[in-house]
There are 2 protein chains.
Amino acid sequence: MIQRAADTACHAHGHVEAEHCDVPKRVTVLGATGSIGTSTLDLIGRHEHAVEVIAVTAHSSVEKLAQCALDCRAELAVIGDPALYGQLKDALSGSNIKPAAGNDALIEAAQMPVDCTIAAIVGAAGLKPTVAAARCGGRLGLANKECLVSAGNVFMEEVARAGCELIPVDSEHSAAFQILQEADSDSIENITLTASGGPFRTWPLERIQAATCDEALKHPNWSMGAKITVDSATMMNKGLELIEALHLFPVETDQLCMLVHPQSIVHCLVSFIDGSVLAQLAEPDMRTPIAVALSWPRRMAAPTKKLDLAKISQLTFESADEERFPAIRLAREAMERGGTAPAVLNAANEVAVAAFLEGRIKVPDIAALVGETLDSADKRGLVAGASCLETILECDANARLLAKEVLAKGNLVA
Amino acid sequence: MIQRAADTACHAHGHVEAEHCDVPKRVTVLGATGSIGTSTLDLIGRHEHAVEVIAVTAHSSVEKLAQCALDCRAELAVIGDPALYGQLKDALSGSNIKPAAGNDALIEAAQMPVDCTIAAIVGAAGLKPTVAAARCGGRLGLANKECLVSAGNVFMEEVARAGCELIPVDSEHSAAFQILQEADSDSIENITLTASGGPFRTWPLERIQAATCDEALKHPNWSMGAKITVDSATMMNKGLELIEALHLFPVETDQLCMLVHPQSIVHCLVSFIDGSVLAQLAEPDMRTPIAVALSWPRRMAAPTKKLDLAKISQLTFESADEERFPAIRLAREAMERGGTAPAVLNAANEVAVAAFLEGRIKVPDIAALVGETLDSADKRGLVAGASCLETILECDANARLLAKEVLAKGNLVA
């Protein structure tokens, strides 16, 4: 499915290292200016004689988009916000890069023929472009959470229908993906995703209740966006990842486990029926899972710091505490419920985290708001089967409105 | 290559669980009364409707051999020592199990048509029967160290020629085997075997120098035979395993690493060029690697205790100390030298460990004796290329004589 860069092309450039020949030749990066997008282009830049970047897109970071399009010599640069078209066009003038803007242009960018698309648009906005890329078949490196959390069944049907080769791009699911090759579902006892435990891991409930925004944003191991950092602090992030794992791997909900591992070195463990446990470890660096998505089943060199366990000296593990981190239970319940429940969970969580980042609510209110939104959505018949992308998007929008209503009413019961 | 128990056969017995159908139907166990052999028969006993034991063999534990042949309803039981034939025959009288004795009978047992042979004869005595089994093609679960340590190149040529499917049966190499499926050699940065560090891990050199036999036999995690337990205490065991790994996996000597990990939970780690590290973990129980050898690429249920990392709480790692454990350096040098050097190393180590167990020498003398035997063997032209099994066996015998000479002379320089 993946076309390898031809040997001759590698030799012609004087780059005969094996890894240069094992990377897909033509790559599009949806969401090129975010954290994953930037890491992807950094990695591709280190293999530039073997990889051609076709399209790069961004929502509104127009200057950064233009710069990265120029740096990687993309064919097409698309800015989501149509109002920024002129600015993009000016920034790219004199280059051969075609500027475009708006949602239709994002879809068109996603549909350009490539060997691999890295789908790294954050949030519900990523659904349509990512599905458009999946429908083209080929390889999809998936970093957008909503495709699996909110639209899991619908998205996976699209993937299967198109014969798309889906490779997850985040540490935990990439880890499981690397481990689970060849494993048949009867052999798997369970899949354990690890969680750092976030900045509040060792805090008693009372202290978490009084935590400030700055404290929630101090992630011990990873440097990520504010939304996902808060999700790590509440551990909702790990709950969402359990839902993703359910769609990606051949297991049932009760085979999905979570383990707190403060060092964030072990990303996932898979236990088999013979007592064997396979785990993936790496220094926290998204360029490793991106490299896996680009070059699997081979491997391409990535500049991730080499793991030195003798220096790290110890890895510790502890159970996740659902009392202090009720988001875990909420996510698990939504996962078991299925249908649009995870979409409501995710939408309510986005509203809640935004309100938290604006200083309007405290940490425990995030889970409380999500819980009350889920209850309220249930009563209004919003939690139902999910038959198509439009149902999901409508549910997502309605759940946001509902969450805002719950938020406006106040009186959240944490 | 492996014939699965037919579905119909499983159904006929009323055993329709998936694992029962994924185990090779006909299995021979060479060295059935030792530690690995006993674990193999225990595991097979739990899947008895799916597995037929064809032949079992032992060196001299005649009563135990007869009992296990009766328990597993083998077709053939072979005792290595011909003097014990009568005793075996009597013990099996009234059963349908054929008794036999002597080296030729061992070879014949190894050549009976089966789906999988577990080759668990300890020491150089295992070379010929194991090679005989390998020559039949089919699957070979290899627990004998000498085939790879002493006869590596010769043995691997036999395996390749016969199209034998070789699966290592010890914790570290089984771990690497499970991890390395599909990996191409260009992707591998290095392979790290873990070592418990043995009972002397934290001891200063002076205390190790005065250690008693009882102290050396107190392995922190594994219950094994005396020879291998002493090898763990000197860490020669891990050195021998590096040599085995060199023959089993597509790496060079400088890609083979060792890491002390006192809990013996992580058995092997493979680092890839993209920064990803895959590891295998399990509670120490040989039934896990045996299950892998029997059922790969599927998995069969094994009674190994489930790994509970939250309960274990921490895994620690430290560098191996070649000053206190000079056997590591000796093994590495023999590995790099190649040819018959590892055979000399192994033979000298057996003599040295036997002398230690007899109370004739102290712990540091083991490595000293091995080192002096290697030097002496080199001077006498014993360290050379290894072209066939006979050369290896001759070298093994000569190295033993030489080691005994060095031992008799005394004055070992530790």
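Residues numbered from 1 in each chain as written. Chains lettered and ligands numbered in written order. Predicted model: local features only at pLDDT ≥ 70, side-chain atom pairs only at ≥ 80, totals over all residues. Heavy atoms only, no water.

## A word on the side chain of Asn 144 of chain A
Residue and element names in this part refer to chain A.
In step 1: Considering the arrangement of structural elements, one finds Asn 144 in the loop between strand 6 (139-142) and helix 7 (146-149).
In step 2: Within the structure, Asn 144 has its side chain in polar contact with the backbone nitrogen of Glu 146 (distance 3.0 Å).
In step 3: The contact partners of Asn 144, leaving out residues within four places of it in the chain, are Ala 119, Ile 121, Val 122, Gly 123, Gly 126, Leu 127, Thr 130 and Glu 244. (Helix = DSSP H or I, 4+ residues; strand = E, 2+ residues; numbered from the N terminus. Polar contact = N/O pair within 3.5 Å; in protein donor to acceptor, adjacent residues only side chain to side chain. Contact = heavy atoms within 4.5 Å.)

## A closer look at the interface of chain A and chain B
In step 1: The interface is formed by 43 residues belonging to chain A together with 43 residues belonging to chain B.
In step 2: Buried surface at the junction of chain A and chain B, both sides included, amounts to about 3500 Å², of which 56% is carbon and sulfur.
In step 3: Applying the counting rule to chain A against chain B returns 8 salt bridges.
In step 4: Here Lys 306 of chain B ties to Glu 189 of chain A by a salt bridge, and the two come within 3.3 Å at their closest N and O atoms.
In step 5: Taken together, the links from chain A to chain B amount to 22 residue pairs in polar contact (both at pLDDT 80 or more).
In step 6: Contributions of two or more residues to the side of chain A that touches chain B are made by helix 9 (171-180), strand 10 (266-272), strand 11 (277-281), helix 14 (287-295), helix 15 (309-312) and strand 12 (314-316) of chain A. (Buried area = accessible area lost by both parts, 1.4 Å probe. Salt bridge = Lys/Arg side-chain N within 4 Å of Asp/Glu carboxyl O.)

## Description of the domain arrangement of chain A
All names here are of chain A.
In step 1: Taken domain by domain, chain A comprises domain 1 (5-175) and domain 2 (202-234 + 321-414).
In step 2: The C-alpha-based centres of domain 1 and domain 2 are spaced at 29 Å.
In step 3: Between domain 1 and domain 2, the contact holds 11 residues from the first and 14 residues from the second.
In step 4: Interface area lost by domain 1 to domain 2 is led by Val 149, Ser 150 and Val 154, which between them contribute 39%.
In step 5: One can count 0 salt bridges joining domain 1 with domain 2.
In step 6: Along the contact surface separating domain 1 from domain 2 lie 2 residue pairs in polar contact (both at pLDDT 80 or more). (Domains from an automatic or database assignment.)

## Focus on the pairing of strand 3 (residues 76-79) of chain B
All names here are of chain B.
In step 1: Covered by surrounding structure in strand 3 are Leu 76 and Val 78 together with Ala 77 and Ile 79, the residues of both alternating faces.
In step 2: For strand 2 (residues 52-58) and strand 3, the ladder comprises 4 bridges, and the chain directions are parallel. Each bridged residue has a counterpart across the sheet, and for Val 56 the counterpart in strand 3 is Ala 77.
In step 3: On the question of chirality, the crossover connecting strand 2 to the parallel strand 3 by way of helix 3 (residues 62-72) is right-handed.
In step 4: Note that strand 3 and strand 4 (residues 98-101) share 4 bridges and pair parallel. For Ile 79, the partnering residue across the bridge sits in strand 4 and is Ala 101.
In step 5: For the crossover that starts at strand 3, traverses helix 4 (residues 85-92) and ends in the parallel strand 4, the hand is right-handed. (Buried < 20%, exposed > 50% of the residue type's maximum accessible area, 1.4 Å probe, protein only. Pairing = 2+ DSSP bridges. Right-handed = clockwise from strand over helix to strand, strands pointing away.)

## Focus: the pairing of strand 11 of chain A
On a regular strand, each side chain points to the face opposite its neighbour's, so the side chains alternate between the two faces of the sheet.
In step 1: Of all 5 residues that make up strand 11 of chain A, 5 are buried, and the element is covered over most of its length.
In step 2: Burial along strand 11 of chain A is two-sided: the residues Val 277, Ala 279 and Leu 281 of chain A and Leu 278 and Gln 280 of chain A are all buried.
In step 3: Pairing of strand 10 of chain A with strand 11 of chain A involves 5 bridges; the strand directions are antiparallel. Across the sheet, Val 270 of chain A pairs through a bridge with Leu 278 of chain A, a residue of strand 11 of chain A.
In step 4: Connecting strand 10 of chain A to the next strand, strand 11 of chain A, in antiparallel fashion are 4 residues, including Gly 275 of chain A with a positive phi near 90 degrees.
In step 5: Bridge count between strand 11 of chain A and strand 11 (residues 277-281) of chain B: 5 bridges; the pairing is antiparallel. Bridge assignment links Gln 280 of chain A to a residue of strand 11 of chain B, and that residue is Leu 278 of chain B.

## Considering the sheet that holds strand 7 (residues 165-168) of chain A
All names here are of chain A.
In step 1: Spatial strand order, 4-3-2-1-5-6-7: 7 strands in an open sheet with parallel pairing. Among the strands making up the open sheet, the edge pair consists of strand 4 (98-101) and strand 7. Strand-to-strand, the axes of this sheet are offset by a mean angle of 15 degrees, without reference to chain direction.
In step 2: By the bridge criterion, 3 bridges tie strand 1 (residues 26-30) to strand 2 (residues 52-58) in an arrangement that is parallel. Note on strand 2: the bridge partner recorded for Val 29 is Val 56.
In step 3: Strands in contact with helix 4 (residues 85-92) are strand 3 (76-79) and strand 4; relative to strand 4, the strand with the most contacts, it is inclined by about 170 degrees.
In step 4: Across the sheet, helix 5 (residues 103-111) lies against strand 1, strand 2, strand 3 and strand 4, angled at about 145 degrees from strand 3, the strand it touches most. (Axes fitted to C-alpha atoms, helices over the stretch in contact; angles between N-to-C directions.)

## Describing helix 13 (residues 236-248) of chain B
Residue and element names in this part refer to chain B.
In step 1: Between its first and last C-alpha atoms helix 13 spans 19 Å; for 13 residues at 1.5 Å apiece the expected length is 18 Å, and the two agree.
In step 2: Most of helix 13 is tucked away: 12 of the 13 residues are buried.
In step 3: All buried positions along helix 13 are accounted for by Met 236, Asn 237, Lys 238, Gly 239, Leu 240, Glu 241, Leu 242, Ile 243, Glu 244, Ala 245, His 247 and Leu 248. (Expected span 1.5 Å × (residues − 1).)

## Some words on empty space enclosed by the protein
In step 1: Using the criterion set out here, one finds 5 cavities of 30 Å³ or more in the structure.
In step 2: Of the voids in this model, the largest cavity is the one considered here, and its volume is about 290 Å³.
In step 3: Taken together, 26 residues make up the lining of the largest cavity; nearest its centre are Gln 178 and Ile 179 of chain A together with Gln 178, Ile 179 and Gln 181 of chain B.
In step 4: Looking at the lining of the largest cavity, the elements with two or more residues in it are helix 9 and strand 11 of chain A together with helix 9 (171-180) and strand 11 of chain B.
In step 5: Residue composition of the lining of the largest cavity, by class: 14 nonpolar, 6 polar and 6 charged. (1 Å grid on protein atoms, 1.4 Å probe; cavity = no way out; pocket = protein on both sides within 12 Å on 5 of 7 lines; lining within 4 Å. Points joined across faces, edges and corners; volume = space filled by probe spheres on them. Nonpolar A, V, L, I, M, F, W, Y, C, P; charged D, E, K, R; others polar.)

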